[in-house]
Amino acid sequence: MKERPIPTYPCGHRLQSCRCISNSSTTSETTSDMSKTIFIGVDDEKVMRTRVSGQKSLDNILIKAVGSAHGGMAFLVDEDHRMVRNYKALVESAIYTIESLPPPSDVFPVVPVHAIKPEKYVCPEGFLESLFSQVSRHLEGDERVPPMALVGCSRSGKTALLEEIATRLPDYLAAHGSEPVAIIMITFNDYSPVSLIDHEGALQALGRRLLFSINVKETERNQAFNYYVKAYDTFRRKNYVIALDDIMEWLDGFRVILLIDELNNLDLKHSGDQSEVGDFLRAYFLDDTGRYLVLTSHELGSVDSFADIIDTSKGSSRDVIVQHLPLALNLEDVVLYLNPDLRGPLEALYYGLLPGLIFDQGQRVKVYRKHKAAINTFELRSSEDKRRCITRILASFFTGKENDVPLELRKLVTTRPDLDVAGREVVKISWVPFNLQFVLAMSTLDERNWFDEGLHSLNQLCNHLKTTKESSGKGYEYLFAIAYLARCIAGLPFDNLLPREWFMDSGLEVEFNPYRQEVGGFLEDCCDWDQLEKGIDYSGPQPKLAVFLPTNPRFERFDIVALLITNGRISDRRAFQVQQATHNPSHEPWPGFEHTSFLVKGDSPQRSHTNAKGWNVVGDDDLERFFGESGKHWTPKVWRHLTATYVKARNQRAEEEERAKKLFTSDES
C-alpha cells in the first residue's frame, strides 16, 4: 500500500498515522470472521484494547482512532500486518484530498433561503455602511487586528446581520475599489448544530464545517433551510478527518473573511481545544493581511473568553470589537417591512425593538422552546432561592448588573461593555420585556403569598404591552406602572418618587390593587380618589406598599397611586398623572396630595421642576434614570419618536388601502 504523506498541523506538531491491529490470525475478506476484540495503536506505540459488536461499531472505532491521532492514515490489518481489503474503502472514504476542493474563487457563503423573511433588513440609516467600513478597514490591517463579535440575546438578529455581511459586503467592497474576497460562513447552530461528534475535538468540529461550506456546489446555492440541514447531516456522517492545514494551503494567497455563528455553542473548556482553536483562528484569520474574522455570541462572557483564547501566547488578550445589533427605532419601516399589523409603539417596546421578534410570531415560538431548557434548570432551585433570584432579576432590569442574573438565564439578556464609577470595565445587561415576562410566567413558587401575587400582576401588565392599541391612550401608563411595580417588589427606591424610607422595614409587603369590593364596590367604577379610598384594604399586621392602577378612563387627575400603609392607616402617599399628551393639567392635585403628586407628560422637560399648579413635573433626565438600563427606550422622548413614525406609517397604509379600494370599485363598475 502506498502511504500518504503525513501533513503538518497548524499549531506545529505533525500528524501521526493510526493503525488498528486485530488479534485474529485470519485474513478473511469479512469482518464477521474477525475476533470481537481489536487493538488500536498510534504509531504502533500506544495500544488500546477494546471490544466491538459488529461492523458499524468497528467503523466508529476506526474513525475515532483517526481522530485521536489528529488525522493521517487509518487501516485495519491482521496479526501479520496484512491488510483486510474490505476495510480499505472505508478508510479511504474518511480521507479527503486537497485536489478535490473547488477553486477558492468559487467559494460563496452558505446562507439558507428562509420561507418567511422580511422584505428589507431594518436598521438605522447608515448602519450597514459603517459596519462594512469597519470590516474593510480591518481586512487590510496587519498588526494585532481585533476580531468583531455581534452580541445579543436570542432572536436579537445576530444571524440575520451575519447574513447581511455575507451577502452584501462583496458589493460594498467592489464599489469601493477593493479586491475580491472569499466569504466563508459556518454555524454551530442553525442547520449544523453541535452534535456528539463535535465534542471529540473542537478543531475538527470547526474544520468539518469549513470543509462542508467550501464543498457546497454552485447548483446548491440559495437553497431552503431544510436542504442544508439534510446536506450537512449527510456530510457529517462521512466522518471526514479534517487536516486544516490542507484547507489553509488551498486558501493560500486568497483574501478571506470567516463568519462564525454561535461559536459559544462549541465546548472549548479543555485547554488543548482552546489553544488549538485560538492558534488556528489567530494565525489564519487575524494575523494575515487580507483575512478577517466575525463571530456571534449570546453574551460578553464568551467574547471575553475568546479574546483570551486567541492571544494566550502573547501574554495579553487581543481586543474584540463588540458590535451591538440595530434596533427598529423607526416604526415606519417596521410597519412597511416587518409587521403591518403592529398595534403601536407599546408592542414594539414589548419585543425590545428587536426586528426578529417583531417580525414573525413563529420565531417567538422558537424562542420559547429554546429558553425552556434555561427555565427548567432555574426551576431546580428551591422556592426560597428562586425568590431571592427573581428579586435580583427585577433589580437588574434597572441596574444592569450582570451578576444579579443567574448563569442559566443569561442567554435571555443582552450584554454590553461599560465602565463603573471608578473607571473599571464592567458588563451591563438589559432585559427585553418579552424575555422577562417569560421568566415571570414560567417560574413557580411553592406557596402563594404577596410576592407571588406581585409577579402575577407584573405578568398581566406585560400582557397589556402586546395587546393595547395605540389609539387607547393607555400605553404609556402601562410602561410606567410596570417599572414602578417592579421597583417596589425588588425593593429598589428612586428619589422622591419611591422614597428609600418606605423600604426600611424588612417585613414590607407589596400589593397591586388591594381593593375590597364588598366595601367600595367595583374598582373599575371608581372615578376619583374619594371613591378609591373607601375600598382600600388596610388589613394585615405587616406594613404594606399598595400600588393602584385605576382602570376607569374617567378617573380624575391620577393614573397611578402608591400608598404606604402602616398600623392600619396611610402613612405616606404618591400619585402620578401619566399622559401621552403634551398639555399641562388645568387643575391642581387632589387634596391631601399637594406635595406628592407627579406629572409624567409626553413633552417632558429636560429637568424636573414644580409647575404653577403644584404638580412635580418629572424631567427627561430623571425619567431615564427611573426606567434604568432596560428601559432606556421607554422615556417620553423616545416614545414621541416611536409614536410619530408609527402614525405616519399607519396613515400611509390607510391611504394605500383607500387607493386600492377606489381602484377595485372603478374596475367593478
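Residues numbered from 1 in each chain as written. Predicted model: local features only at pLDDT ≥ 70, side-chain atom pairs only at ≥ 80, totals over all residues. Heavy atoms only, no water.

*Asks:* Would you explain the overall build of the protein in this entry?
*Replies:* Secondary structure assignment for the protein yields 21 helices and 18 strands. Relative to its 669 residues, the protein shows a buried fraction of 53%. Across the protein, every contact between residues at least 6 apart in sequence was considered, and the portion connecting residues at least 24 apart equals 68%. Accessible area of the protein: about 31000 Å², with a carbon and sulfur share of 48%. (Helix = DSSP H or I, 4+ residues; strand = E, 2+ residues; numbered from the N terminus. Buried < 20%, exposed > 50% of the residue type's maximum accessible area, 1.4 Å probe, protein only. Contact = heavy atoms within 4.5 Å. Areas by Shrake-Rupley, 256 points an atom, 1.4 Å probe, with all protein chains shown as cover.)

*Asks:* Just to check I follow, could you spell out empty space enclosed by the protein for this structure?
*Replies:* Remark: the empty space left among the atoms is shown by a probe the size of a water molecule rolled over them. Across all of its chains, the model carries five cavities of 30 Å³ or more by this definition. Here the largest cavity defines a volume of roughly 60 Å³. Lining the largest cavity are Leu394, Phe397, Phe398, Leu436, Leu440, Leu458, Cys462, Ile482, Ala483 and Ala486. Split by residue class, the lining of the largest cavity holds 10 nonpolar, no polar and no charged. (1 Å grid on protein atoms, 1.4 Å probe; cavity = no way out; pocket = protein on both sides within 12 Å on 5 of 7 lines; lining within 4 Å. Points joined across faces, edges and corners; volume = space filled by probe spheres on them. Nonpolar A, V, L, I, M, F, W, Y, C, P; charged D, E, K, R; others polar.)

*Asks:* Sorry, what's going on with unusual backbone geometry here?
*Replies:* Excluding glycine, residues mostly carry a negative phi; peptide bonds, for their part, are mostly trans. Residue Asp495 is not a glycine yet carries a positive backbone phi of 45 degrees. Accessibility expressed as a relative area gives 45% for Asp495, which makes it partly exposed. Its identity is not glycine, yet Arg557 carries a phi of approximately 70 degrees, on the positive side. Looking at the secondary structure, you find Arg557 in the loop between strand 13 (544–548) and strand 14 (560–566). Its relative accessible area of 24% is what places Arg557 among the partly exposed residues.

*Asks:* Help me understand helix 7 (residues 244–251) in this model?
*Replies:* Residues lying three or four places apart along an α-helix face the same way, a consequence of the helix completing one turn every 3.6 residues. The element helix 7 is extensively covered by neighbouring structure, given that seven of its eight residues are classed as buried. Those residues of helix 7 lying buried are Leu244, Asp245, Asp246, Ile247, Met248, Trp250 and Leu251. Immediately downstream of helix 7, the backbone of Gly253 shows phi near 90 degrees, a positive value.

*Asks:* Where do I start with the confidence of the model for the protein in this structure?
*Replies:* Detail in the predicted coordinates should be disregarded across regions flagged by low pLDDT. Considering every residue of the protein, the mean pLDDT works out to 79; 77% of them sit at 70 or more. Summarising per-element confidence for the protein, the mean pLDDT is lowest in strand 1 (residues 18–22) (35) and highest in strand 14 (96). Contacts of residues 1–59 to residues separated by more than four positions or lying in other chains number 137 contacts, the stretch itself having pLDDT below 50. This stretch, residues 66–95, has a pLDDT under 50; its non-local contacts, to residues over four places away or in other chains, come to 80 contacts. (pLDDT = per-residue confidence, 0-100.)

*Asks:* Looking at this structure, I do not really get the packing of aromatic side chains. What am I missing?
*Replies:* The geometry of an aromatic ring pair comes down to the distance between the two centres and the angle between the two planes. Evaluated as defined, the whole model comprises 30 aromatic pairs. Here Tyr191 and Tyr232 contribute two aromatic rings whose centre-to-centre distance is 6.5 Å and whose plane-to-plane angle is 70 degrees, an arrangement assigned as edge-to-face. Of this pair, Tyr191 sits in the loop between strand 6 (182–187) and helix 5 (202–215) while Tyr232 sits in helix 6 (residues 225–236), placing them 41 residues apart in sequence. The class for Tyr191 is buried, based on a relative accessible area of 5%. Here Tyr232 falls in the buried class, since its relative accessible area comes to 2%. One aromatic cluster in this structure is built from Phe397, Phe398, Tyr476, Phe480, Tyr484, Phe494, Phe576, Phe598, Phe626, Phe627, Trp634 and Trp639. Over the aromatic face of Phe398 sits the side chain of Arg487, whose NZ or CZ is 4.4 Å from the ring centroid. (Phe/Tyr/Trp six-rings, centres within 6.5 Å; stacked < 30°, edge-to-face > 60°. Lys NZ or Arg CZ within 6 Å of the ring centre and 35° of its normal.)

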